[in-house]
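# Structure assessment
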Amino acid sequence: MARILIVGATSAIAIASARLFAARGDDLVLAARNEERLGSLAADLRVRGAGAVDTVSFMAQPQQDYQGFAGRVWDQGLDCLLLAHGSLRSQDRCQDDVTASRREFEVNALSTICLLAAFAGRFAEQGAGNMVVISSVAGDRGRQSNYLYGSAKAAVSTYCQGLRNRMHSSGVRVITIKPGFVDTPMTAGFEKGLLWTQPEQIASGILRALERGSDVVYLPWFWRYIMLVIRLIPERWFKRLSL
Ligand SMILES: NC(=O)c1ccc[n+]([C@@H]2O[C@H](COP(=O)([O-])OP(=O)(O)OC[C@H]3O[C@@H](n4cnc5c(N)ncnc54)[C@H](OP(=O)(O)O)[C@@H]3O)[C@@H](O)[C@H]2O)c1
């Protein structure tokens, strides 16, 4: 039985993951900004077999006290931290708006990096545990349709890579999850096609990554090869594409 903190616990991918953790009887600490949804999620997870379920309010914003937040939830230590919050506002609406760009970068990159910075030393001292971060395939290459979101996820992926390197000798694992297109409230306005996945499939992949002690996981697996091809396209051609 593990003690797991999920930040962004009301996200569709987090809920699907939490249900799998609950079925194992894990203890859960759920953090999100919507306290009403948190309460009903906690009740549902208890019915599904979770051990102790606590809730804590969390909002990704510049004035957030990340160290204070980490201190409040760390009292008994943690086996696993899952960072699942995120925002995908329209690139068109944000790209020429400095305030909106800054807000999106805050939610998708800075808050995640601050949380990792606030928890890393605690995990290192504990000498064990898993820090699982949901990044995205969007961070693998900048595209005109979502480079604000993509650049934030790229920052997160690179930060995780360095943190993994730092943590290797301390017995703490840092796992970067890179989903492709997932059918969740975040992508409600998108037309769905063959490459789309359900959040339950991503959740199963997250649990598999934890069991295997993976480093970087593309979900589903075929995105590793799609992104390999996309990264290999020379910039002089790539910049002409409408992606
Ligand atoms: N869906 C995809 O295609 C896809 C692909 C790759 C990666 N991802 C990543 O997967 C993760 C989970 O996303 P999802 O697809 O499950 O989307 P989702 O269901 O829309 O969940 C997004 C979550 O982020 C929370 N959130 C947004 N802004 C916040 C803020 N300022 N402070 C605190 N929480 C905030 C939302 O809270 P509320 O519930 O209160 O709104 C919600 O819990 C995200 O990191 C996302 O970037 C998604």
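Just above, that's the structure.
Within every chain, residues take consecutive numbers counted from 1 along the sequence as written. Owing to the predicted nature of the model, reporting of local features is limited to residues with pLDDT of at least 70; listing and counting of side-chain atom pairs is limited to 80 or more, with chain, interface and lining totals taken over all residues.

With that out of the way, let us pick up the pairing of strand β2 (residues 27–32). Looking along a regular strand, one sees side chains alternate from face to face of the sheet. Residue burial is a threshold on neighbouring C-beta atoms within 10 Å of the residue's own C-beta, all placed from the backbone, with 20 or more meaning buried, 12 or fewer meaning exposed, and counts in between meaning partly exposed. Helix numbering and strand numbering both begin at the N terminus, where a helix is a DSSP run of H or I of at least 4 residues and a strand a DSSP run of E of at least 2. Of all six residues that make up β2, five are buried, and the element is covered over most of its length. Each pair of strands is called paired provided DSSP finds at least two bridges between the two strands. Alignment of strand β1 (residues 3–7) against β2, held across five bridges, turns out to be parallel. Bridge pairing in β2 places I6 opposite L30. Taken together, β1, helix α1 (residues 12–23) and β2 form a β-α-β motif whose crossover is right-handed. Here is how to tell: hold the view so the strands point away, follow the path from the first strand over the helix to the second, and if it runs clockwise the crossover is right-handed.

Before going further, it helps to spend a moment on the site of the ligand. Whether a residue is near a molecule or strand depends on its C-beta atom, placed from the backbone, lying within 6 Å of it. Surveying the vicinity of the ligand reveals 27 residues, the closest of which are S11, A60, G86, T184 and M186. In this classification, Asp, Glu, Lys and Arg are treated as charged, Ala, Val, Leu, Ile, Met, Phe, Trp, Tyr, Cys and Pro as nonpolar, and every other residue, Gly included, as polar. Classifying every residue of the shell around the ligand gives 15 nonpolar, eleven polar and one charged.

This next bit is on the packing of α1 against helix α7 (residues 199–212). A pair of packed helices is captured by two measures, namely the crossing angle of their axes and the spacing between those axes. Here, axes are lines fitted to C-alpha atoms. For helices the fit covers the stretch in contact, and angles between N-to-C directions go from 0 to 180 degrees. Viewed as axis vectors pointing N to C, α1 and α7 meet at an angle of 55 degrees, and their least axial separation amounts to 8 Å. What the angle tells us is that α1 and α7 run oblique. Judged by the twist between their axes, the crossing of α1 over α7 is right-handed. Residues A12, I13, A16, S17 and L20 of α1 form the contact with α7, whose own contacting residues are P199, E200, I202, A203, I206 and L207. Working rule for angles: under 35 degrees goes down as roughly parallel, over 145 as roughly antiparallel, 65 to 115 as roughly perpendicular, anything else as oblique. Crossing handedness follows the turn of the near helix against the far one: under a right angle anticlockwise gives a left-handed crossing, and clockwise gives a right-handed one. Two residues qualify as a contact pair if the distance between their C-beta atoms, derived from the backbone, is within 7 Å.

Below, the discussion takes up the sheet that holds strand β5 (residues 129–134). Read from one edge of the open sheet, seven strands run β3-β2-β1-β4-β5-β6-β7, paired in parallel fashion. At either margin of the open sheet sits one strand with a lone partner, and together these are β3 (53–57) and β7 (216–219). Put simply, the sheet's adjacent strands are angled 15 degrees from each other on average, direction ignored.

Attention shifts here to the packing of helix α3 (residues 66–73) against helix α5 (residues 98–126). One way to put it is that α3 packs onto α5 with a least axis distance of 9 Å and a crossing angle of 45 degrees. Relative to α5, the element α3 is oriented oblique. The handedness of the crossing between α3 and α5 comes out as right-handed. Within the contact between the two elements, α3 uses Y66, Q67, F69 and A70 and α5 uses C114, L115, A118, F119 and R122. Across the contact of α3 with α5, the residue classes tally to seven nonpolar, one polar and one charged.

Since one α-helical turn is 3.6 residues long, residues separated by three or four positions face the same way. Here, expected helix span is obtained from the residue count minus one, scaled by 1.5 Å. In a regular helix each residue adds 1.5 Å, so 14 residues correspond to 20 Å; α7 covers 20 Å between its end C-alpha atoms and thus fits that length. Here α7 has its buried residues at P199, I202, A203, G205, I206, A209 and L210. Relative to the axis of α7, the buried residues are bounded by an arc of 160 degrees and lie together on one face. Exposed side chains of α7 directed beyond 90 degrees from the buried face belong to R208, E211 and R212. Those residues of α7 that are buried are in contact with α1, β4 (80–83), β5, β6 (172–179) and β7. Remark: G213 follows α7 within two positions and exhibits a positive phi of approximately 70 degrees. Note: the arc covers the axis-to-C-beta directions of the helix.

For helix α6 (residues 147–167), which comprises 21 residues, the first-to-last C-alpha distance of 29 Å matches the rise-based estimate of 30 Å (1.5 Å per residue) to within 8%. Along α6, the residues classified as buried are L148, Y149, G150, A152, K153, V156, S157, C160 and L163. Tucked inside the fold, the buried residues of α6 contact α4 (91–94), α5, β5 and β6.

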